[in-house]
Amino acid sequence: LLLGLDDRHGRILHVSGHPWVLNRAREINAVPGGGMAEELVGTTIVNVVLAQDRPEYVLWSENYCQSFHPWASFGAPIRHPLTGETIGIVAISGYERVYENADLVVRLAERIQTLLHREELIRRVALLDEYHRFVLQYPHDTILAVDARGRVCGASSSTVGLVNAPKSILGQSLLRIPNFHVEGFRPVVEQEEARPYGVNVSLPEKSLSLTAEAIPVSGERQPVGTLLILPRLGGGRTGMRSNQRSPWTV
């Protein structure tokens, strides 16, 4: 039997199994880096599970490509622990029946989701710890905590001076907050280095335009989010000068 892990685009991330099965898998490019998207190979267990968003079988000739016909497969979706969207699948395949392994595959998908949820909590705690430290240290500035998905997960009390319903922005995309336009913000996946940078924020209803600082926050292994620091209204911080070290840098 062959155990495989694929992402939401049908790219193979990992395969394991008996050497004989791995050799047969190489013949159909079922190797890490290979693609199993429908536009590439037609019907396979990967794109069926992604399309149906539920555990499914694809057996022998149900595969589109003739070279896949010897294979029987069962797969289960892996869902994002916060959004619930399907982000990949885990599947088991072989030249024999795979019915007796269905429960194992479902439990494995659930186990992966549990591990992802744990990692997500670790990242969120690291981001909010840094956020609360900044709120205590700079109580007069508006501070927003933005997670790795670009969603606001923390807003200091002074946010009330900028948006009408501060609590309503929690869980919302920073770039989709009504009457709060942000230009120059970069998601953590696009940040080449964890250095502060300038961001322009405009509030049309209040006829305000501010220069804010975006400060990437790093966890133990990777960036976990960004703190967006807006100066207090009527004075104070107006942004970083190009030749000046950010006062927010830690």
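Within each chain, residues carry numbers counting from 1 in the order of the written sequence. Residues qualify for local features only when their pLDDT is at least 70, as the model is predicted, and side-chain atom pairs are given and counted only at 80 or more; totals for whole chains, interfaces and linings, by contrast, use all residues. Hydrogens and waters are ignored; side-chain quantities use all the structure's heavy atoms.

Trainee: Residue-level account of the confidence of the model for the protein chain, with values.
Mentor: Values of pLDDT, which run from 0 to 100, indicate the predictor's confidence residue by residue. The share of residues in the protein chain with pLDDT of 70 or more is 91%, and the mean pLDDT across the chain is 88. Confidence scores differ between elements of the protein chain, with strand β10 (residues 208-218) showing the lowest mean pLDDT of 91 and strand β4 (residues 72-79) the highest of 97. Numbering of helices and strands runs from the N terminus, with a helix taken as a DSSP run of H or I at least four residues long and a strand as a DSSP run of E at least two residues long.

Trainee: So what's going on with the sheet that holds strand β9 (residues 197-203)? Which residues, and what values?
Mentor: At least two DSSP bridges between two strands are required for those strands to pair. If you walk across this open sheet you meet the six strands as β7-β6-β11-β10-β9-β8, and the pairing is antiparallel. A strand with exactly one partner marks an edge of an open sheet, and here the two such strands are β7 (152-155) and β8 (181-183). Taking the axes of each pair of neighbouring strands and ignoring which way they run, one obtains an average angle of 25 degrees across the sheet. Here a residue-residue contact requires only that any non-hydrogen atoms of the pair lie within 4.5 Å. What counts as an axis is a line fitted to C-alpha atoms, over the stretch in contact for a helix, and the angles between N-to-C directions run from 0 to 180 degrees. On top of the sheet, helix α4 (residues 102-137) reaches β6 (142-147), β7, β10 and β11 (223-230); it is set at about 25 degrees to β11, its chief contact.

Trainee: Go over empty space enclosed by the protein with me, naming the residues and quoting the values.
Mentor: With a 1 Å grid spanning the protein atoms alone, the term cavity applies to any set of points in which a 1.4 Å probe fits but cannot get out, the term pocket to an open set with protein on both sides within 12 Å along at least five of seven lines, and the term lining residue to any residue with an atom within 4 Å of a point. Grid points are joined across faces, edges and corners, and a volume is the space filled by probe spheres set on the points. For the coordinates displayed, the defined rule picks out three cavities of 30 Å³ or more. By volume, the largest cavity amounts to about 230 Å³. In terms of lining, the largest cavity is formed by 18 residues, of which the most central are L2, A30, I45, V46 and S93. With four residues, the single largest contributor to the lining of the largest cavity is strand β1 (residues 2-7). Estimates place the volume of the second largest cavity at around 60 Å³. Contributing to the lining of the second largest cavity are E120, R123, R124, L127, D147, A148, R149 and V224. It is α4 that contributes the most residues to the lining of the second largest cavity, four residues altogether.

Trainee: Hey, could you go over the pairing of β7 for me, with residue numbers and the actual values?
Mentor: In the sheet, β6 pairs with β7 via three bridges, with the strands oriented antiparallel. By the bridge assignment for β7, V146 is matched with V152.

Trainee: If you had to explain the layout of surface pockets to someone new, which residues and values would you point to?
Mentor: As a volume, the largest pocket reaches approximately 480 Å³. For the largest pocket, the lining is made up of 15 residues, of which H80, E120, R123, A148 and R149 are closest to its centre. Grouping the constituent residues of the lining of the largest pocket by class yields seven nonpolar, two polar and six charged. Approximately 220 Å³ is the volume found for the second largest pocket. Along its surface, the second largest pocket is lined by 14 residues, and V163, N164, I177, P178 and N179 are the ones closest to its centre. Charged means Asp, Glu, Lys or Arg here, nonpolar means Ala, Val, Leu, Ile, Met, Phe, Trp, Tyr, Cys or Pro, and polar covers whatever is left, Gly included. Here the residues of the lining of the second largest pocket sort into seven nonpolar, four polar and three charged.

Trainee: Go over the environment of P77 with me, naming the residues and quoting the values.
Mentor: Tracing the chain through its elements places P77 in strand β4. Taking the C-alpha atoms as reference, P77 lies 9.8 Å from D7; in sequence the two are 70 residues apart. Apart from the residues lying within four places of it in its own chain, the contact partners of P77 are V49, D53, R54, P55, T86, G88, I89, A109 and Q113.

Trainee: For the sheet that holds strand β2 (residues 12-17), give the residues involved together with the corresponding values.
Mentor: The strand order across the open sheet formed by five strands is β2-β1-β5-β4-β3, and the pairing between neighbours is antiparallel. The sheet terminates laterally at β2 and β3 (56-59), the two strands that pair on one side only. Sheet twist, expressed as the mean angle between neighbouring strand axes with direction ignored, is 20 degrees. Against the sheet, helix α1 (residues 19-27) contacts β1 and β2, and its axis sits at roughly 145 degrees relative to β2. Helix-sheet contacts for α4 involve β1, β3, β4 and β5 (86-94), and the interaxial angle to β4 is about 25 degrees.

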